[in-house]
Amino acid sequence: MREYELSREFAEKMDKQDALASLRDYFYTKPGQIYMDGNSLGLCSKGAEAAVARTVADWKEHGIGIWTGAETNYFLYHDVIGARIAKLINADPEEVTVCANTTLNIHQVVATFWKPTKERYKIVIDELNFPTDRYAVVSQVASRGMDPDDVVKVVKSRDGKTLAEEDMIAAMTDDVALVLLPSVLYRSSQLLPLEKLAKAAHEKGILIGFDLCHSIGNVDHDFKKIDCDFALWCNYKYLSGGPGAPAGLYINKKHFNKKVGLAGWWGNRKDTQFELRDEFENAQNAGGWQTGTGAALSLSAIDGALEIYDKAEIKDLREKSLDLTAYMMFLIDHELMSYGFTVGNPREDSGRGGHVALEHADAIRINEALKAADVVPDFRYPDVIRLAPVPQYTRYVDVYDLIVRIKEIMDTKAYEKYENKAGTVA
């Protein structure tokens, strides 16, 4: 384990030794600002900007001919980009596509994979995941005339922050048909043991999938080993695909012959799509789960943002992410504990995602004071300030200066002038 030091000179030395330091130049950063919210919305990259401008130019030039007449293959853009993302999770190119949004993709996979019978009908979720997953699952159950209180089985947390591996596996009883769990918990940054969970589910004949929103592009998942049935995620956090970017969807190739739960014409076989037949023929890849026409301008932002992964391996980005968060926790331990702060995320590398959950009884007001001090964090109820040092553009000096600014806020009690109420977008 690396030995850290408390001086700013140490942080400057780390930046000079950082093999990924030049990646920051590909992003738009503001002088003096410390951006720690890339796990909520990644910064705009120059690659994304250029790709959107290219698509606008293609639209101007080709009109309707953009779909097949431009150099970029916009007609198959969703699968072309999906193949690029597939490399980040070690999946086959045809197993990943880009479409819709996270919530609609949850509806899609539940509609596809949940086939309740009298003996096996329950769906396992957890109480700590981002609520959109639960909303979608509950509404899917209700739409089939079933009682969510009976069908939806919720894994409880023992401490309100993390999930115990044994509790998740114990929930996989003989009456369970489907499991949907997160890869990384959005509050506490706990990284779940996906391979173990998938293996346990499959041993009991249960289908299982994961929500990768807080890990895709930052954690080096290996889907050849995990071998889950499906996964979904947003592309605007660590992948920096732009605000509201179309989401991602993984379908294990062993399920390509399944009937798509929510069919739409963009998921039809491409060789017959424009024959506009009455009967849907789903494409035999993840693209078969597409519904409506792909949003080319939005897709191009993702395409351009992914250029950063041509310059750096995901495993190296993961290593730097772990180092940045470990360094942050070191500084918190030595500089902030006396002010009443605690670290609410797992400490071990194998159990931690890409952000630090900084806890404090006055977290709401401190979070507002941080914004005024030109820091971009975010608050999550009840008492967590999430701090995400994104390896593509966060420097070690940013981490150091962040802790300095927090100390100044506490020493001057600058947070006391703010209401104990979070903003609309916290």
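Criteria and cut-off values
Residues numbered from 1 in each chain as written. Predicted model: local features only at pLDDT ≥ 70, side-chain atom pairs only at ≥ 80, totals over all residues. Heavy atoms only, no water. Helix = DSSP H or I, 4+ residues; strand = E, 2+ residues; numbered from the N terminus. Rg over C-alpha atoms; globule rule 2.2 N^0.38 Å. Buried < 20%, exposed > 50% of the residue type's maximum accessible area, 1.4 Å probe, protein only. Contact = heavy atoms within 4.5 Å. Areas by Shrake-Rupley, 256 points an atom, 1.4 Å probe, with all protein chains shown as cover. Lys, Arg positive; Asp, Glu negative; His and termini not counted. Charge placed at Lys NZ, Arg CZ, Asp CG, Glu CD. Salt bridge = Lys/Arg side-chain N within 4 Å of Asp/Glu carboxyl O. Phe/Tyr/Trp six-rings, centres within 6.5 Å; stacked < 30°, edge-to-face > 60°. Expected span 1.5 Å × (residues − 1). Arc of directions from axis to C-beta. Core = buried A, V, L, I, M, F, W, Y, C linked by side-chain atoms within 4.5 Å. Pairing = 2+ DSSP bridges. Axes fitted to C-alpha atoms, helices over the stretch in contact; angles between N-to-C directions. Parallel < 35°, antiparallel > 145°, perpendicular 65-115°, else oblique. Left-handed = near helix turned anticlockwise from the far one by under 90°.

A.B. asks: Can you walk me through the overall build of the chain in this structure?
C.D. replies: Along the chain, the regular secondary structure elements total 15 helices and 13 strands. In terms of C-alpha radius of gyration, the chain reaches 22 Å, essentially the compact-globule figure of 22 Å for 426 residues. Seen through its C-alpha atoms, the chain measures out along the principal axes to roughly 70 × 55 × 40 Å. For the chain, the residues scored as buried account for 58% of the 426 residues in total. Look at the contacts in the chain between residues 6 or more apart in sequence, and 71% of them connect residues 24 or more apart. When the accessible surface of the chain is summed, it comes to about 18200 Å², and 51% of that surface belongs to carbon and sulfur atoms. Of the charged side chains in the chain, 51 are positive and 64 negative; the average position of the first set lies 1 Å away from that of the second.

A.B. asks: Explain unusual backbone geometry here, please?
C.D. replies: Generally, phi is negative for residues other than glycine and the peptide bonds are trans, each holding for most cases. In this structure, P382 follows Y381 across a cis peptide bond, with omega equal to 5°. The topology assignment puts P382 in the loop between strand 12 (378-380) and strand 13 (384-387). At S189, a residue that is not glycine, the phi angle is positive and equals roughly 70°. With respect to the helices, strands and loops of the structure, S189 is situated in the loop between strand 5 (176-182) and helix 9 (194-203).

A.B. asks: I'm lost on the pattern of salt bridges in this one. Help?
C.D. replies: When the charged atoms of two side chains with opposite charge come close together, those side chains can pair. With the rule as written, the count across this model stands at 31 salt bridges. A salt bridge links D92 to K224, with the shortest nitrogen-to-oxygen separation between them at 2.7 Å. A residue pair is termed long-range when its members are at least 10 positions apart, and D92 in the loop between helix 4 (77-86) and strand 2 (96-99) and K224 in helix 10 (residues 223-226) qualify at 132 residues. Look at D92 and you get buried, because its relative accessible area is 13%. Notably, a salt bridge pairs D92 with K253, separated by 2.7 Å at the nearest N-O pair. Note that D92 is positioned in the loop between helix 4 and strand 2 and K253 in the loop between strand 8 (247-251) and helix 11 (296-305), a separation of 161 residues in sequence. By relative accessible area, K253 is classed as partly exposed at 45%.

A.B. asks: What is the right way to look at the packing of aromatic side chains in this model?
C.D. replies: Aromatic ring pairs: the centre-centre distance and the angle between the two ring planes describe each pair. Evaluation of the coordinates by the stated rule reveals 17 aromatic pairs. Both rings, one in Y4 and one in F330, keep their centres 5.7 Å apart while their planes meet at 45°; by these two values the pair is tilted. Placement of the pair is Y4 in the segment before helix 1 (8-17) and F330 in helix 13 (residues 314-335), with a sequence separation of 326 residues. With relative accessibility at 16%, the residue F330 sits in the buried group.

A.B. asks: Just to check I follow, could you spell out helix 6 (residues 131-143) for this structure?
C.D. replies: Note: α-helices contain 3.6 residues per turn, so residues at a spacing of three or four share the same orientation. Look at helix 6: 18 Å from first C-alpha to last across 13 residues, which is about the 18 Å you get at 1.5 Å a residue. All of the buried residues along helix 6 are T132, D133, A136, V137, Q140 and V141. End-on view of helix 6: buried residues confined to an arc of 170°, all on one side of the axis. Of the surrounding secondary structure, the elements contacted by the buried residues of helix 6 are helix 5 (102-113), strand 3 (122-126), helix 7 (148-151), strand 4 (152-155), strand 5 and strand 6 (207-211).

A.B. asks: How should I be thinking about the nonpolar core in this particular structure?
C.D. replies: One broad rule of soluble globular proteins: the nonpolar side chains tend to lie buried together. Judged by nonpolar contacts, the single largest core of 61 residues is most densely connected at I85 and F210. At 5 residues, helix 9 tops the list of elements feeding residues into this core. Membership of the second largest hydrophobic core comes to 39 residues, among which are M36, A363, A369 and V397.

A.B. asks: Quick question: what am I supposed to make of the sheet that holds strand 13 here?
C.D. replies: The pairing of strands in a sheet happens through backbone hydrogen bonds and is either parallel or antiparallel. As summarised here, the arrangement of the 4 strands in space is 9-10-13-12, forming an open sheet in which the pairing is antiparallel. Looking along the sheet, the strands with just one partner apiece sit at the ends: strand 9 (342-343) and strand 12. Bridge count between strand 9 and strand 10 (residues 356-359): 2 bridges; the pairing is antiparallel. Pairing of T342 across the sheet is with E359, part of strand 10. Helix-sheet contacts for helix 13 involve strand 9, strand 10 and strand 13, and the interaxial angle to strand 10 is about 20°.

A.B. asks: I tried to follow the sheet that holds strand 8 on my own but got confused; where do I start?
C.D. replies: Spatially, 7 strands are ordered 2-8-7-6-5-3-4 in an open sheet, and the strand pairing comes out mixed. Edge positions in the sheet fall to strand 2 and strand 4, since each has one partner strand and no second. Averaged over all pairs of adjacent strands, the angle between strand axes in this sheet comes to 20°, irrespective of strand direction. Lying over the sheet, helix 4 contacts strand 2 and strand 7 (230-233), oriented at roughly 125° with respect to strand 2. Packed onto the sheet, helix 9 meets strand 5 and strand 6 and runs at close to 155° relative to strand 6.

A.B. asks: Mind showing me how you'd approach the packing of helix 13 against helix 15 (residues 396-412) here?
C.D. replies: Orientation of helix 13 relative to helix 15, taken along the N-to-C sense of each, is 25°, at an axis distance of 10 Å. Relative to helix 15, the element helix 13 lies roughly parallel. The two elements helix 13 and helix 15 cross, and the hand of that crossing is right-handed. Counted together, K320, D323, L324, Y327, M328, L331, I332 and E335 of helix 13 and Y396, V399, Y400, L402, I403 and K407 of helix 15 form the full contact between these two elements.

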